[in-house]
Amino acid sequence: MIYVHVPFCGSFCTYCDFYSEIGSAKAYERYADSLCEEIDRRRGEIRMEPSTLYFGGGTPSVLPLHIFSRIVSALQDFAPFGEFTVEANPEDIRDKGAEYVLGLKSLGVNRMSIGVQSFDDAQLRRMNRRHDAAGAMEAFGLLRDCGFTNISLDLIFGDSTMSEDSWAETLRLAALLHPEHISCYQLTVEGDSALARMKAEGKYKEATDEACEKQYKMLCKALGEAGYRHYEISNFALPGYEAVHNSAYWARAPYVGLGPSAHSFDGVHRRWNSKDLLGWTAEEEILSEEDSVVETIMLSLRTASGCEASYLKKHCGAEELESALSRGDLVEAGKRLRIPEERFFVSDAIIRDLI
Ligand code: SF4
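Residues numbered from 1 in each chain as written. Predicted model: local features only at pLDDT ≥ 70, side-chain atom pairs only at ≥ 80, totals over all residues. Heavy atoms only, no water.

## Observations regarding the sheet that holds strand β6 (residues 111–117)
Taking strand neighbours across the sheet as the criterion, the nine strands line up as β9-β10-β8-β7-β6-β5-β4-β1-β11 in an open arrangement whose pairing is mixed. Each edge of the open sheet is held by one strand with a lone partner, namely β9 (229–232) and β11 (256–258). The mean inter-strand angle of the sheet, taken between neighbouring strand axes irrespective of direction, is 20°. Pairing of strand β8 (residues 181–186) with strand β10 (residues 235–237), which is carried by three bridges, proceeds in the antiparallel orientation. The residue of β10 that forms the bridge with Ile182 is Phe236. Against the sheet, helix α1 (residues 25–42) engages β1 (2–6) and β11, with an angle of about 155° to β11. (Pairing = 2+ DSSP bridges. Helix = DSSP H or I, 4+ residues; strand = E, 2+ residues; numbered from the N terminus. Axes fitted to C-alpha atoms, helices over the stretch in contact; angles between N-to-C directions. Contact = heavy atoms within 4.5 Å.)

## Some points on the packing of helix α6 (residues 164–177) against helix α8 (residues 209–225)
In a packed pair of helices, the relevant descriptors are the angle between the two axes and the axis-to-axis distance. It is at 10 Å that the axes of α6 and α8 come closest, and there the two elements cross at 25°. As summarised for this structure, α6 and α8 are arranged roughly parallel, according to the angle between their axes. Where α6 crosses over α8, the handedness of that crossing is right-handed. Along the contact surface, α6 presents Glu164, Trp167, Ala168 and Leu171, while α8 presents Lys214, Gln215, Met218, Leu219 and Ala222. Here the residues of the contact of α6 with α8 are counted per class, giving six nonpolar, one polar and two charged. (Parallel < 35°, antiparallel > 145°, perpendicular 65-115°, else oblique. Left-handed = near helix turned anticlockwise from the far one by under 90°. Nonpolar A, V, L, I, M, F, W, Y, C, P; charged D, E, K, R; others polar.)

## Quick look at the site of the ligand
Taken together, Cys9, Ser11, Phe12, Cys13, Tyr15, Cys16, Gly58, Thr59, Asn89 and Arg129 make up all the residues around the ligand. Here the residues of the shell around the ligand sort into five nonpolar, four polar and one charged. (Near = heavy atom within 4 Å.)

## Digging into the domain arrangement of the protein
Per the domain assignment, the segments making up the protein are domain 1 (2–250) and domain 2 (288–355). Summarising the inter-unit geometry, the C-alpha centres of domain 1 and domain 2 are found 29 Å apart. Tallying the contact residues gives 15 residues for domain 1 and nine residues for domain 2. Here domain 1 meets domain 2 over a buried area of about 1100 Å², counting both sides, of which 63% is carbon and sulfur. The largest share of the area that domain 1 buries against domain 2 comes from His230, Ile233 and Trp250, three residues that together contribute 44% of it. In this structure, the connection of domain 1 to domain 2 is made through one salt bridge. For Arg302, the salt bridge goes to Glu232, with nearest N and O atoms at 3.1 Å. Linking domain 1 to domain 2 there are four residue pairs in polar contact (both at pLDDT 80 or more). For the side of domain 1 that touches domain 2, the secondary-structure elements that each account for two or more residues are α8, β9 and α9 (244–250). (Domains from an automatic or database assignment. Buried area = accessible area lost by both parts, 1.4 Å probe. Salt bridge = Lys/Arg side-chain N within 4 Å of Asp/Glu carboxyl O. Polar contact = N/O pair within 3.5 Å; in protein donor to acceptor, adjacent residues only side chain to side chain.)

And the structure:
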(Lines give C-alpha, C1' and ligand atoms only; values in the text may rest on other atoms or scores of the structure.)
Protein backbone atom coordinates (compact mmCIF):
# COMPACT_ATOMS: atom_id res chain seq x y z
CA MET A 1 0.00 0.00 0.00
CA ILE A 2 1.23 3.42 -0.92
CA TYR A 3 0.56 6.83 0.65
CA VAL A 4 1.50 10.00 -1.22
CA HIS A 5 1.57 13.20 0.81
CA VAL A 6 0.65 16.35 -1.09
CA PRO A 7 1.91 19.27 1.01
CA PHE A 8 -0.12 22.10 -0.54
CA CYS A 9 -3.30 23.89 0.47
CA GLY A 10 -5.23 26.82 -1.00
CA SER A 11 -5.44 28.42 2.46
CA PHE A 12 -4.98 27.29 6.05
CA CYS A 13 -7.82 26.15 8.29
CA THR A 14 -7.77 27.49 11.82
CA TYR A 15 -7.67 24.06 13.51
CA CYS A 16 -4.97 22.47 11.35
CA ASP A 17 -1.24 22.13 11.94
CA PHE A 18 -0.48 19.57 9.21
CA TYR A 19 2.52 20.32 7.10
CA SER A 20 1.43 22.16 3.96
CA GLU A 21 2.35 25.20 1.92
CA ILE A 22 0.60 27.50 -0.53
CA GLY A 23 1.47 26.03 -3.92
CA SER A 24 2.42 27.49 -7.30
CA ALA A 25 2.88 25.99 -10.76
CA LYS A 26 6.64 25.94 -10.19
CA ALA A 27 6.34 24.38 -6.73
CA TYR A 28 4.09 21.60 -8.07
CA GLU A 29 6.64 20.75 -10.78
CA ARG A 30 9.52 20.71 -8.30
CA TYR A 31 7.49 18.56 -5.93
CA ALA A 32 6.66 16.08 -8.72
CA ASP A 33 10.37 15.91 -9.72
CA SER A 34 11.40 15.05 -6.17
CA LEU A 35 8.51 12.65 -5.66
CA CYS A 36 9.23 10.72 -8.87
CA GLU A 37 12.87 10.49 -7.82
CA GLU A 38 11.79 9.11 -4.43
CA ILE A 39 9.47 6.59 -6.12
CA ASP A 40 12.36 5.31 -8.26
CA ARG A 41 14.68 5.07 -5.29
CA ARG A 42 12.20 3.26 -3.05
CA ARG A 43 10.27 1.03 -5.44
CA GLY A 44 11.88 -2.09 -3.89
CA GLU A 45 10.18 -1.28 -0.56
CA ILE A 46 6.66 -1.16 -1.96
CA ARG A 47 4.55 -4.16 -1.07
CA MET A 48 1.15 -4.38 -2.69
CA GLU A 49 -0.91 -6.19 -0.11
CA PRO A 50 -3.49 -4.69 0.02
CA SER A 51 -3.32 -2.97 -3.35
CA THR A 52 -4.11 0.61 -2.36
CA LEU A 53 -2.89 4.05 -3.36
CA TYR A 54 -3.89 7.06 -1.26
CA PHE A 55 -3.19 10.73 -2.03
CA GLY A 56 -3.62 12.70 1.18
CA GLY A 57 -2.57 16.09 2.39
CA GLY A 58 -2.61 18.95 2.52
CA THR A 59 -5.07 19.23 -0.30
CA PRO A 60 -4.23 16.89 -3.21
CA SER A 61 -6.99 18.45 -5.34
CA VAL A 62 -4.97 21.68 -5.68
CA LEU A 63 -2.60 19.74 -7.97
CA PRO A 64 -3.15 20.13 -11.70
CA LEU A 65 -4.11 16.97 -13.58
CA HIS A 66 -0.79 16.69 -15.41
CA ILE A 67 1.04 16.51 -12.06
CA PHE A 68 -1.22 13.66 -10.92
CA SER A 69 -0.58 12.01 -14.25
CA ARG A 70 3.21 12.21 -13.81
CA ILE A 71 3.04 10.69 -10.32
CA VAL A 72 0.63 7.92 -11.29
CA SER A 73 2.81 7.06 -14.32
CA ALA A 74 5.81 6.73 -12.01
CA LEU A 75 3.77 4.21 -9.98
CA GLN A 76 2.40 2.31 -12.97
CA ASP A 77 4.38 -0.87 -12.13
CA PHE A 78 2.03 -1.29 -9.17
CA ALA A 79 -1.26 -0.51 -10.96
CA PRO A 80 -4.12 -1.24 -11.10
CA PHE A 81 -4.96 -0.38 -7.52
CA GLY A 82 -7.91 -2.09 -5.86
CA GLU A 83 -8.61 1.10 -3.95
CA PHE A 84 -7.22 4.41 -5.22
CA THR A 85 -8.30 7.38 -3.09
CA VAL A 86 -7.73 11.09 -3.60
CA GLU A 87 -8.56 13.60 -0.89
CA ALA A 88 -10.19 16.71 -2.31
CA ASN A 89 -11.67 19.97 -1.10
CA PRO A 90 -15.12 20.88 -2.43
CA GLU A 91 -14.04 24.20 -3.97
CA ASP A 92 -11.41 22.50 -6.16
CA ILE A 93 -13.91 19.95 -7.45
CA ARG A 94 -16.52 22.61 -8.12
CA ASP A 95 -14.15 25.14 -9.69
CA LYS A 96 -12.17 22.69 -11.83
CA GLY A 97 -15.32 20.89 -12.93
CA ALA A 98 -16.12 17.67 -14.76
CA GLU A 99 -13.01 17.68 -16.93
CA TYR A 100 -10.80 17.50 -13.85
CA VAL A 101 -12.95 14.88 -12.11
CA LEU A 102 -13.11 12.69 -15.23
CA GLY A 103 -9.35 13.16 -15.64
CA LEU A 104 -8.78 11.77 -12.13
CA LYS A 105 -11.12 8.90 -12.92
CA SER A 106 -9.23 8.07 -16.10
CA LEU A 107 -6.02 7.83 -14.05
CA GLY A 108 -7.65 5.03 -12.05
CA VAL A 109 -8.97 6.98 -9.04
CA ASN A 110 -11.98 5.04 -7.75
CA ARG A 111 -12.61 6.67 -4.38
CA MET A 112 -12.86 10.36 -3.50
CA SER A 113 -12.63 11.70 0.04
CA ILE A 114 -14.03 15.23 0.37
CA GLY A 115 -13.26 17.63 3.21
CA VAL A 116 -16.76 18.94 3.88
CA GLN A 117 -16.36 19.34 7.69
CA SER A 118 -19.72 21.09 8.15
CA PHE A 119 -22.80 22.23 6.27
CA ASP A 120 -23.01 25.40 8.36
CA ASP A 121 -21.67 28.38 6.38
CA ALA A 122 -20.93 30.49 9.45
CA GLN A 123 -18.90 27.67 10.99
CA LEU A 124 -17.04 27.03 7.73
CA ARG A 125 -16.08 30.72 7.63
CA ARG A 126 -14.91 30.60 11.26
CA MET A 127 -12.71 27.62 10.38
CA ASN A 128 -11.34 29.54 7.38
CA ARG A 129 -12.55 26.87 4.96
CA ARG A 130 -12.78 28.06 1.35
CA HIS A 131 -16.13 26.42 0.50
CA ASP A 132 -19.70 26.85 1.68
CA ALA A 133 -22.45 24.27 2.14
CA ALA A 134 -23.88 24.80 -1.36
CA GLY A 135 -20.40 24.33 -2.83
CA ALA A 136 -19.97 21.05 -0.96
CA MET A 137 -23.32 19.79 -2.26
CA GLU A 138 -22.39 20.83 -5.78
CA ALA A 139 -19.02 19.09 -5.59
CA PHE A 140 -20.66 15.92 -4.30
CA GLY A 141 -23.22 16.00 -7.13
CA LEU A 142 -20.47 16.50 -9.69
CA LEU A 143 -18.54 13.49 -8.40
CA ARG A 144 -21.70 11.40 -8.65
CA ASP A 145 -22.48 12.72 -12.16
CA CYS A 146 -18.97 11.77 -13.22
CA GLY A 147 -19.57 8.20 -12.04
CA PHE A 148 -17.89 8.03 -8.63
CA THR A 149 -19.66 5.33 -6.63
CA ASN A 150 -17.36 5.41 -3.62
CA ILE A 151 -17.24 8.80 -1.90
CA SER A 152 -16.20 9.60 1.64
CA LEU A 153 -17.09 12.81 3.50
CA ASP A 154 -15.04 14.28 6.35
CA LEU A 155 -16.92 16.02 9.16
CA ILE A 156 -15.75 17.74 12.36
CA PHE A 157 -17.48 17.88 15.72
CA GLY A 158 -16.48 19.33 19.07
CA ASP A 159 -16.16 22.96 17.97
CA SER A 160 -17.33 25.07 20.93
CA THR A 161 -18.79 27.66 18.54
CA MET A 162 -21.09 25.08 16.92
CA SER A 163 -24.63 24.78 18.25
CA GLU A 164 -26.40 21.45 18.65
CA ASP A 165 -28.93 22.51 16.02
CA SER A 166 -26.16 23.25 13.55
CA TRP A 167 -24.59 19.83 14.20
CA ALA A 168 -27.96 18.09 13.82
CA GLU A 169 -28.44 19.82 10.47
CA THR A 170 -24.96 18.86 9.26
CA LEU A 171 -25.70 15.25 10.18
CA ARG A 172 -29.09 15.38 8.47
CA LEU A 173 -27.59 16.72 5.24
CA ALA A 174 -24.67 14.28 5.32
CA ALA A 175 -27.07 11.35 5.69
CA LEU A 176 -29.26 12.78 2.93
CA LEU A 177 -26.34 12.87 0.48
CA HIS A 178 -25.73 9.25 1.47
CA PRO A 179 -22.01 8.94 0.69
CA GLU A 180 -20.58 5.44 1.00
CA HIS A 181 -18.29 6.51 3.84
CA ILE A 182 -18.10 9.21 6.51
CA SER A 183 -15.08 10.06 8.67
CA CYS A 184 -15.77 12.29 11.63
CA TYR A 185 -13.06 13.68 13.88
CA GLN A 186 -13.29 15.62 17.10
CA LEU A 187 -11.75 19.06 16.84
CA THR A 188 -8.65 19.36 18.97
CA VAL A 189 -6.51 22.42 19.50
CA GLU A 190 -3.25 21.42 17.80
CA GLY A 191 0.15 22.82 18.76
CA ASP A 192 0.95 25.20 15.95
CA SER A 193 -2.53 25.99 14.66
CA ALA A 194 -4.28 29.36 14.42
CA LEU A 195 -6.80 27.97 16.90
CA ALA A 196 -4.04 27.36 19.45
CA ARG A 197 -2.97 30.99 19.11
CA MET A 198 -6.61 32.12 19.45
CA LYS A 199 -6.93 30.00 22.58
CA ALA A 200 -3.77 31.49 24.06
CA GLU A 201 -5.15 34.98 23.38
CA GLY A 202 -8.46 34.08 25.02
CA LYS A 203 -10.36 34.25 21.72
CA TYR A 204 -11.31 30.56 21.61
CA LYS A 205 -12.49 28.31 24.40
CA GLU A 206 -12.50 24.54 23.90
CA ALA A 207 -15.79 22.64 24.05
CA THR A 208 -16.42 20.71 27.26
CA ASP A 209 -16.10 16.91 27.31
CA GLU A 210 -19.85 16.73 27.97
CA ALA A 211 -20.67 18.78 24.87
CA CYS A 212 -18.29 16.70 22.74
CA GLU A 213 -19.74 13.45 24.06
CA LYS A 214 -23.27 14.64 23.32
CA GLN A 215 -22.31 15.54 19.75
CA TYR A 216 -20.56 12.19 19.31
CA LYS A 217 -23.69 10.39 20.48
CA MET A 218 -25.78 12.43 18.02
CA LEU A 219 -23.35 11.35 15.30
CA CYS A 220 -23.54 7.64 16.19
CA LYS A 221 -27.34 7.76 16.34
CA ALA A 222 -27.87 9.69 13.10
CA LEU A 223 -25.49 7.59 11.04
CA GLY A 224 -26.65 4.31 12.61
CA GLU A 225 -30.23 5.16 11.65
CA ALA A 226 -29.06 6.03 8.13
CA GLY A 227 -27.61 2.53 7.70
CA TYR A 228 -23.92 3.17 8.36
CA ARG A 229 -21.76 0.68 10.21
CA HIS A 230 -19.59 2.31 12.87
CA TYR A 231 -16.50 0.22 12.12
CA GLU A 232 -13.85 2.41 13.74
CA ILE A 233 -14.14 5.14 16.36
CA SER A 234 -14.07 7.93 13.77
CA ASN A 235 -15.29 6.05 10.70
CA PHE A 236 -18.65 4.93 9.35
CA ALA A 237 -19.39 3.00 6.16
CA LEU A 238 -22.29 1.59 4.25
CA PRO A 239 -21.91 -2.23 4.15
CA GLY A 240 -18.97 -3.21 1.97
CA TYR A 241 -17.49 0.31 1.77
CA GLU A 242 -15.08 0.23 4.71
CA ALA A 243 -11.84 1.98 3.69
CA VAL A 244 -9.34 -0.70 2.68
CA HIS A 245 -6.30 1.58 3.01
CA ASN A 246 -7.13 2.92 6.47
CA SER A 247 -8.24 -0.50 7.70
CA ALA A 248 -4.80 -1.81 6.76
CA TYR A 249 -3.17 0.93 8.88
CA TRP A 250 -5.22 -0.20 11.86
CA ALA A 251 -4.12 -3.80 11.24
CA ARG A 252 -0.50 -2.54 11.14
CA ALA A 253 0.09 -3.67 7.56
CA PRO A 254 3.34 -2.37 6.01
CA TYR A 255 3.06 0.76 3.89
CA VAL A 256 5.31 3.14 2.05
CA GLY A 257 4.74 6.88 2.52
CA LEU A 258 6.11 9.16 -0.18
CA GLY A 259 6.54 12.93 -0.13
CA PRO A 260 7.50 15.45 2.57
CA SER A 261 6.37 14.51 6.09
CA ALA A 262 5.00 11.12 4.94
CA HIS A 263 5.47 8.16 7.28
CA SER A 264 6.33 4.57 6.32
CA PHE A 265 6.18 1.30 8.23
CA ASP A 266 7.61 -2.11 7.33
CA GLY A 267 6.45 -4.06 10.36
CA VAL A 268 9.52 -3.19 12.44
CA HIS A 269 10.85 0.21 11.33
CA ARG A 270 8.91 3.45 11.38
CA ARG A 271 10.34 5.99 8.96
CA TRP A 272 9.32 9.60 8.41
CA ASN A 273 10.30 12.11 5.77
CA SER A 274 11.25 15.63 6.78
CA LYS A 275 8.91 18.56 6.17
CA ASP A 276 11.02 19.98 3.41
CA LEU A 277 9.68 20.68 -0.03
CA LEU A 278 13.14 21.22 -1.47
CA GLY A 279 14.49 17.70 -0.99
CA TRP A 280 13.07 15.89 1.99
CA THR A 281 15.23 13.47 3.95
CA ALA A 282 14.22 10.50 6.08
CA GLU A 283 14.74 9.43 9.67
CA GLU A 284 13.71 6.13 11.17
CA GLU A 285 13.27 4.32 14.44
CA ILE A 286 13.05 0.66 15.28
CA LEU A 287 9.88 -0.15 17.18
CA SER A 288 10.54 -2.13 20.35
CA GLU A 289 8.46 -5.21 21.14
CA GLU A 290 6.66 -3.12 23.76
CA ASP A 291 5.90 -0.31 21.27
CA SER A 292 4.45 -2.87 18.86
CA VAL A 293 2.23 -4.41 21.52
CA VAL A 294 0.90 -1.03 22.66
CA GLU A 295 0.26 0.02 19.07
CA THR A 296 -1.49 -3.25 18.21
CA ILE A 297 -3.81 -2.96 21.22
CA MET A 298 -4.54 0.74 20.69
CA LEU A 299 -5.29 0.43 16.98
CA SER A 300 -7.32 -2.77 17.16
CA LEU A 301 -9.47 -1.64 20.10
CA ARG A 302 -10.42 1.48 18.15
CA THR A 303 -12.18 -0.79 15.64
CA ALA A 304 -15.56 -2.46 15.98
CA SER A 305 -13.95 -5.89 15.58
CA GLY A 306 -11.60 -5.27 18.52
CA CYS A 307 -8.55 -7.33 19.44
CA GLU A 308 -7.93 -11.07 19.77
CA ALA A 309 -8.76 -12.08 23.33
CA SER A 310 -5.65 -14.30 23.54
CA TYR A 311 -3.45 -11.31 22.58
CA LEU A 312 -4.97 -9.14 25.29
CA LYS A 313 -4.66 -11.94 27.85
CA LYS A 314 -0.98 -12.34 26.98
CA HIS A 315 -0.11 -8.64 27.13
CA CYS A 316 -2.48 -7.02 29.67
CA GLY A 317 -2.79 -7.59 33.40
CA ALA A 318 -5.42 -10.22 34.32
CA GLU A 319 -6.92 -7.87 36.91
CA GLU A 320 -7.20 -4.90 34.49
CA LEU A 321 -8.78 -7.12 31.85
CA GLU A 322 -11.23 -8.63 34.31
CA SER A 323 -12.38 -5.26 35.60
CA ALA A 324 -12.77 -3.85 32.05
CA LEU A 325 -15.00 -6.83 31.28
CA SER A 326 -17.01 -6.49 34.46
CA ARG A 327 -17.55 -2.74 33.87
CA GLY A 328 -18.68 -3.41 30.29
CA ASP A 329 -15.75 -1.45 28.85
CA LEU A 330 -14.92 -4.60 26.88
CA VAL A 331 -17.35 -7.18 25.54
CA GLU A 332 -16.75 -10.60 24.00
CA ALA A 333 -17.23 -11.12 20.28
CA GLY A 334 -16.28 -14.71 19.47
CA LYS A 335 -12.56 -15.04 20.08
CA ARG A 336 -12.13 -11.28 20.24
CA LEU A 337 -12.77 -8.55 22.76
CA ARG A 338 -14.03 -5.17 21.69
CA ILE A 339 -15.12 -1.84 23.13
CA PRO A 340 -18.89 -1.46 22.63
CA GLU A 341 -19.99 1.52 20.53
CA GLU A 342 -21.58 3.31 23.49
CA ARG A 343 -18.11 3.41 25.14
CA PHE A 344 -16.14 4.42 22.03
CA PHE A 345 -16.06 8.02 23.21
CA VAL A 346 -14.06 7.06 26.30
CA SER A 347 -11.92 4.46 24.52
CA ASP A 348 -8.66 6.34 25.18
CA ALA A 349 -9.20 6.00 28.92
CA ILE A 350 -10.25 2.34 28.59
CA ILE A 351 -7.15 1.50 26.56
CA ARG A 352 -4.91 3.46 28.92
CA ASP A 353 -6.19 1.43 31.86
CA LEU A 354 -5.38 -1.80 30.02
CA ILE A 355 -1.84 -0.99 29.01
S1 SF4 B 1 -7.45 20.95 7.14
FE2 SF4 B 1 -6.84 20.29 5.09
S3 SF4 B 1 -7.26 22.07 3.80
FE4 SF4 B 1 -7.24 22.83 5.89
S5 SF4 B 1 -5.13 23.53 6.22
FE6 SF4 B 1 -5.26 21.42 6.96
S7 SF4 B 1 -4.61 20.16 5.27
FE8 SF4 B 1 -5.10 22.20 4.43
